[in-house]
Structures are given as structure tokens and as C-alpha cells.
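Reading the structure
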Amino acid sequence: YASNAFKFVSMIFQCTGGGILVPILINSIPVPLAQDAYPIAIVASFLIHNYFPIVREVMHLSPVFKAALIVMYEAMRASVVVKLTAAAGAAIAPSDFSFAVFGPIMCGAVAGCGGAFLPLNKGLDPIKTDGLNQPMISAAIAAAFYHLFVSTRLSNGVKDAPKKAQVLVAVFFIAYNL
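Before going into details, it helps to say that this report is about the structure given with it. (Residues numbered from 1 in each chain as written. Predicted model: local features only at pLDDT ≥ 70, side-chain atom pairs only at ≥ 80, totals over all residues. Heavy atoms only, no water.)

This part is about the packing of helix α8 (residues 134-151) against helix α9 (residues 161-177). Between α8 and α9, whose axes approach to 10 Å, the crossing angle comes to 160 degrees. Taken together, α8 and α9 sit at an angle that is classed as roughly antiparallel. Like other packed secondary-structure pairs, α8 and α9 cross with a definite hand, here right-handed. Touching Q134, I137, S138, A139, I141, A142, F145, Y146, F149 and V150 of α8 are A161, P162, A165, Q166, L168, V169, F172, F173, Y176 and N177, all from α9. Its residues placed into classes, the contact of α8 with α9 shows 16 nonpolar, four polar and no charged. (Axes fitted to C-alpha atoms, helices over the stretch in contact; angles between N-to-C directions. Helix = DSSP H or I, 4+ residues; strand = E, 2+ residues; numbered from the N terminus. Parallel < 35°, antiparallel > 145°, perpendicular 65-115°, else oblique. Left-handed = near helix turned anticlockwise from the far one by under 90°. Contact = heavy atoms within 4.5 Å. Nonpolar A, V, L, I, M, F, W, Y, C, P; charged D, E, K, R; others polar.)

Have a look at this one:
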């Protein structure tokens, strides 16, 4: 049986794993430290999960409520993947190509599923036996799409290309999980 303190700290790591790891990799401030709303949302979520478990039961009983939660979660995850992919693209200098290719894609993939590997003592255990799970695969695909779209001629002539690409990433995540 784990203590509430352990559960709370684990939840912080799992909710913001990519927002912790990627900024550290690109020499920036981790998201939970830079955005005051994140810790507030995490505390509220922890309290709901811990003291009002009936909300989880309602989610399993109501397809409409479950779909609404999936849409909100995946829209937020798309925002995280896009923002941290773009930040990595701006922070990592190009080497062999006209723009950094693999670094931003890897950072975006970690941004979308980094919590699976935290706390760091878990290492690669989450992928040891079953390989990459669905959120890991979808984050990698989305980061690759977004980065290659906005960094190449594919986006030439597209008005507000980064915003439109973010909407497509969100739609992809939502469709992939519904």
C-alpha cells in the first residue's frame, strides 16, 4: 500500500513527465515550474481521484463523459507535444540538414509520454516486455508530422501553418483514442 504522499508525487511526475524531461534536455525551465496552473490542476485532480473515486466510476458508465474527458486530455497532450517539439526545434542547432531533424522529433515524442518513464528509477521498464504502447507511438507520429510539416516546404503557402498543424495533431490524438 502506497502512502498519499507517494501517490501525489508519482502523479506529478506522471502528469508532467515530458514537461520535465524535455525542457531539461534543451536547457529550459520545466513546465511545472514555469506554469502555475499545472500544479493547481494536478492538486485538484489528485484530490478528485483520491477522495471522490465515484468520478472514475461515472466515467466508465457514461460514454459521453468519457469522450469529453478524452477530448480535453488529448487536446492538452497535443498542445504539449507541439509546444515542446517547436521549442526543441528552436533550441537545437541544425547539423547535417538545413534544420534539426531527429532531436525535436525525439523531444516531442518524449513530451507526449514522458510520464511513463518517471520516476527515473523505472528506467525502460514500461517498454521492456510489451514494447511501445499507444501513447508513445502516437506521440512519436505526431511529433514527426508536426516538425516535418512546419520545418519544410510542406507548409509553404499555408496560412498559420503551426496552428493548423496543432489542430491536426489534436484531431489525430482524439481519433486515435476514441
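Having put the structure on the table, let's press on.
Moving on, we come to α8. For α8, which comprises 18 residues, the first-to-last C-alpha distance of 26 Å matches the rise-based estimate of 26 Å (1.5 Å per residue) to within 8%. The inward-facing, buried residues of α8 abut α5 (63-91), α6 (102-113), α7 (125-128) and α9. (Expected span 1.5 Å × (residues − 1).)

This paragraph deals with a nonpolar patch on the surface. A surface patch of nonpolar side chains, amounting to about 950 Å² of accessible area, comprises V43, L47, I48, Y51, F52, I54, V55, V58, F65, L69 and M72. Taken together, the elements giving at least two residues each to the nonpolar patch come down to α3 (37-51), α4 (54-61) and α5. Per-element tally for the nonpolar patch: the top contributor is α3, with four residues. In this fold, F65 is placed in helix α5. (Patch = residues over 30% accessible without salt bridge, like charges linked within 9 Å, V, L, I, M, F, W, Y side chains within 5 Å. Areas by Shrake-Rupley, 256 points an atom, 1.4 Å probe, with all protein chains shown as cover. Salt bridge = Lys/Arg side-chain N within 4 Å of Asp/Glu carboxyl O.)

In terms of nonpolar packing, the biggest core is built from twelve residues, these being A78, V81, V82, A142, A143, Y146, F149, A161, A165, V169, A170 and F173. Sorting the residues of this core by element identifies α5, α8 and α9 as the ones contributing at least two each. Top element by residues in this core is α9. It accounts for five residues. Once residues lying within four places of it in the same chain are set aside, the contact partners of A78 are Q166, V169, A170 and F173. By size, the runner-up hydrophobic cluster in this structure holds seven residues, among which are V80, L84, A88 and A111. (Core = buried A, V, L, I, M, F, W, Y, C linked by side-chain atoms within 4.5 Å. Buried < 20%, exposed > 50% of the residue type's maximum accessible area, 1.4 Å probe, protein only.)

As a further point, take the layout of surface pockets. Counted as a void, the largest pocket has a volume near 1500 Å³. Contributing to the lining of the largest pocket are 38 residues, with C15, S45, H49, L69 and Y73 lying nearest its centre. Elements with a contribution of two residues or more to the lining of the largest pocket: α1 (4-25), α3, α4, α5, α6 and α8. It is α5 that contributes the most residues to the lining of the largest pocket, nine residues altogether. By residue class, the composition of the lining of the largest pocket is 21 nonpolar, 13 polar and four charged. Put simply, the second largest pocket is a space of about 230 Å³. Taken together, 14 residues line the second largest pocket, and the ones lying closest to its centre are V31, Q35, Y38, K83 and L84. Of all the elements in the fold, those that place two or more residues in the lining of the second largest pocket are α2 (31-34) and α5. The element best represented in the lining of the second largest pocket is α5, accounting for six residues. (1 Å grid on protein atoms, 1.4 Å probe; cavity = no way out; pocket = protein on both sides within 12 Å on 5 of 7 lines; lining within 4 Å. Points joined across faces, edges and corners; volume = space filled by probe spheres on them.)

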